Each structure stands twice: as structure tokens, then as C-alpha cells.
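Structure at a glance
So the chains spell out like this:
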Amino acid sequence: MKKGNLLKTALSNYYNGNTEMIDNSHFFDFRQNIFGGTMDENFIKMFLNGDGNELVSKACAVHSSSMLGYNFFHWISKNSPLTIKFEDKTIEYTKVLFEVKIPVLKGSRPANMDIVLTNVNNDILFIESKFLEYLNLGKFDISNTYKNDKKYYCNGEKWSDFISSSSLKTNEKKQYWSGIKQEICHLIGLTNWINEKTTIKDLTLDKERDIRFINLVFEPNEQYEEYENFKKYRNLYYHLHEELQKKGLIPDDIKMSFKSYSDLWSDISDCVSEELKAYLYNRYMKFANND
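The structure contained in this document is the topic of the report that follows. (Residues numbered from 1 in each chain as written. Predicted model: local features only at pLDDT ≥ 70, side-chain atom pairs only at ≥ 80, totals over all residues. Heavy atoms only, no water.)

1. Quick look at the overall build of the protein chain
- A count of helices and strands for the protein chain gives 8 helices and 9 strands.
- For 291 residues, the compact-globule formula gives about 19 Å, and the C-alpha radius of gyration of the protein chain, at 19 Å, lands near that figure.
- Seen through its C-alpha atoms, the protein chain measures out along the principal axes to roughly 55 × 45 × 35 Å.
- Taking as baseline every contact in the protein chain between residues at least 6 positions apart, the subset at least 24 positions apart corresponds to 71%.
- A total of about 13800 Å² of accessible surface is found on the protein chain, and carbon and sulfur atoms cover 42% of it. (Helix = DSSP H or I, 4+ residues; strand = E, 2+ residues; numbered from the N terminus. Rg over C-alpha atoms; globule rule 2.2 N^0.38 Å. Contact = heavy atoms within 4.5 Å. Areas by Shrake-Rupley, 256 points an atom, 1.4 Å probe, with all protein chains shown as cover.)

2. Focus: the pattern of salt bridges
- Tallied over the entire structure, the rule returns 15 salt bridges.
- A salt bridge links Lys130 to Glu128; its shortest N-O distance comes to 3.7 Å. Assigned by exposure class, Lys130 and Glu128 land together as buried.
- Each of Asp88, Lys89, Asp210, Arg212 and Lys255 takes part in salt bridges that share partners, so that together they form one network. (Salt bridge = Lys/Arg side-chain N within 4 Å of Asp/Glu carboxyl O. Buried < 20%, exposed > 50% of the residue type's maximum accessible area, 1.4 Å probe, protein only.)

3. Quick notes on empty space enclosed by the protein
- As enumerated under the stated definition, the model contains 1 cavity of 30 Å³ or more in all.
- Empty space within the largest cavity amounts to approximately 50 Å³.
- Contributing to the lining of the largest cavity are Tyr134, Leu137, Lys174, Gln175, Tyr176, Asn229, Lys232 and Tyr233.
- A breakdown of the residues in the lining of the largest cavity according to their chemical character gives 4 nonpolar, 2 polar and 2 charged. (1 Å grid on protein atoms, 1.4 Å probe; cavity = no way out; pocket = protein on both sides within 12 Å on 5 of 7 lines; lining within 4 Å. Points joined across faces, edges and corners; volume = space filled by probe spheres on them. Nonpolar A, V, L, I, M, F, W, Y, C, P; charged D, E, K, R; others polar.)

4. Observations concerning the packing of aromatic side chains
- Here the structure, examined in full by the defined rule, presents 23 aromatic pairs.
- Aromatic pair Phe73 and Tyr261: ring centres 6.5 Å apart, planes at 45°, arrangement tilted. Taken together, the residues Phe73 in helix H3 (residues 65-73) and Tyr261 in helix H7 (residues 261-271) connect sequence positions 188 residues apart.
- A residue is classified by how much of its surface remains accessible, and Tyr261, at 0% relative accessible area, is buried. (Phe/Tyr/Trp six-rings, centres within 6.5 Å; stacked < 30°, edge-to-face > 60°.)

5. Observations regarding the pairing of strand S3 (residues 82-85)
- Residues Leu82 and Ile84 of S3 are buried on one face, while the alternating residues Thr83 and Lys85, pointing to the opposite face, are not.
- Connecting S3 to the antiparallel partner strand S4 (residues 90-93) that follows it, the hairpin turn spans 4 residues. (Pairing = 2+ DSSP bridges.)

6. Re the nonpolar core
- Formed by 99 residues in total, the largest nonpolar core has its most connected members in Phe72, Phe73, Leu117, Phe126, Ile184 and Phe218.
- When residues of this core are assigned to their parent elements, the largest contribution, 9 residues, is made by helix H5 (residues 177-194).
- For Phe72, the contacting residues outside a window of four places in its chain are Tyr261, Trp265, Ile268, Leu280, Tyr284 and Met285. (Core = buried A, V, L, I, M, F, W, Y, C linked by side-chain atoms within 4.5 Å.)

7. Focus on the sheet that holds strand S8 (residues 211-217)
- As summarised here, the arrangement of the 5 strands in space is S5-S6-S7-S8-S9, forming an open sheet in which the pairing is mixed. The strands lining the two open edges of the sheet, one partner per strand, are strand S5 (95-102) and strand S9 (255-260). Within the sheet, the average angular offset between the axes of one strand and its neighbour, ignoring direction, is 30°.
- Sheet topology places S8 next to S9; 6 bridges connect them, and they run parallel. Following the sheet pairing, Ile214 is matched in S9 by Ser257.
- Along the sheet, H3 contacts S5, strand S6 (111-118), strand S7 (124-130) and S8; its crossing angle with S7, the most-contacted strand, is approximately 135°. (Axes fitted to C-alpha atoms, helices over the stretch in contact; angles between N-to-C directions.)

8. As for the environment of Gln175
- Its location among the elements puts Gln175 in the loop between helix H4 (156-164) and H5.
- Leave out the neighbours within four places in its chain, and Gln175 touches Asn136, Leu137, Gly138, Lys232 and Leu236.

Honestly, that's just the spatial picture; any functional story needs more than this.
Rendered as C-alpha cells:
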């Protein structure tokens, strides 16, 4: 790894000189940051209905995780399915949703799942997309509401005990704890749904079908400094997963895992047009770890 070789700089240099930008890492408009320069009206509504003001702020960054996810998955439909070869089975997805609201705690705002893939069989893949968020290091910060077992739809005592305990070693400040907190919140929400305590708009719960929840993270090439942060976050996720399993907090009906965009690149590149494949490679994957 070369000291000072930054992925953020490489991403900016890809556009500098060819596209007018506000600064070295932000476009004037999110449309400059997406394949084809236009977004379907239904997708625009999905993003605007989210809580992150994605399209008017974060989506303009060259390292936007929401636009990373959009560019990789927006094309999926019945006529253009995505076939993913998981370790245990192969599944074809024919529909994509963005910024899906998932109820977490009683009386609190729902969480937003970045991407959801599904099909006519009601197989569902929940995806939390991350680009370079793991550069944001800090302490573990979660509302005291999560320590109140009465605020939960189900498993309140187990969840409040888990969050109040020190099993996650949350005193270590130089970690991407925001990602771990988000993962916990999303899993609580999915647990509510799988136990039929809540509903999720546009999704049908069928416990006989395949339901997965993945943390999908961009893995930089090892030459970039950010690669070390990626590894630390991946290890932190594995530790979280281990502790959740010990406490019995991962429902049997949900397969939960960590994956990189590189892990899915072969499947995606096999399904997209040559034009989109070239865009995704030049815009993202040539900076990724693809071994």
C-alpha cells in the first residue's frame, strides 16, 4: 500500500477535467452521478420518501453509497433479472426497491433499507450499501430508547440486554460504530417483520421463501489507504455477527452476511448491458479489489 494513495482522490480524478463539479468530490446535480444521466420517476419518489435527503445532498458526492447502489441495481426488472450465485443456492431477482422503510421501535421513526431485491416467488434480499462510510470513526452511540425493553415489538428483553452489555467492546472509539449501530437497528426491524409484528410496504412475508440481509460494502484495491479501514470494519461486522449468534438474535428465517461489491461483480457483469458494464467498471470496479 502506498502512503497517500487515496481512493477518494482517484474517484475524483476520474471526473475532474471532464465534468463540471462544485469541488473535488461533489457534482452540481445527482444526475451527473448516475448511469445515463436520468432516473426513473418511481425511483426518484423512493429516494425522496427516505429520510436522508439523498438526492439533494449525499447523492452528489463521487463516493455516494446510495448512488453506488442505484447504479449497480437500478436496471433489474422482469425482463432484466439479476441472477446471484450464493454459497448455498442461486436466486433470480426481478424487482428492485430503494430506501425501504422498516419499523424498528414503537413510537420511533422507521429505518431505511438502501436496497431490496425480490421476485414473484417472494424471495427477498435486503441490502445495506456502503462505499467509504467506514472512514467515519468514533464511539458507539445509540439512543437510550434501545435499552428500554418496552419499546420493542418483540424480543425486547434480549435486545435491550444485548445493547446494554459490553459484549461489543464499544469502548473502542477508533471504529466505524455507526455502521454497527445501523446493522443492529435494521436487524431489529427485520426481526419484527419476520415475527409478523410489523409490515413492510410492497413486500410480502413468506417464511417458506429465501430471505437474506447483507451488508454490501465497497472493497478498495489494497493499494489505497482506505483498504485498512475496510478490513477493520469487516472484522467488526464479523464480531457483531458472532455475538448476535451467541445471543440467538438472528432469526432462523433470515440469512445474514457481509459481502463486498467485488463478491457480486461477476454475477452483475454477466447480466447487464455492455454499456452499463463498462460504466460500472470504469466508475467503480477498476478501483476495487477484484482478486
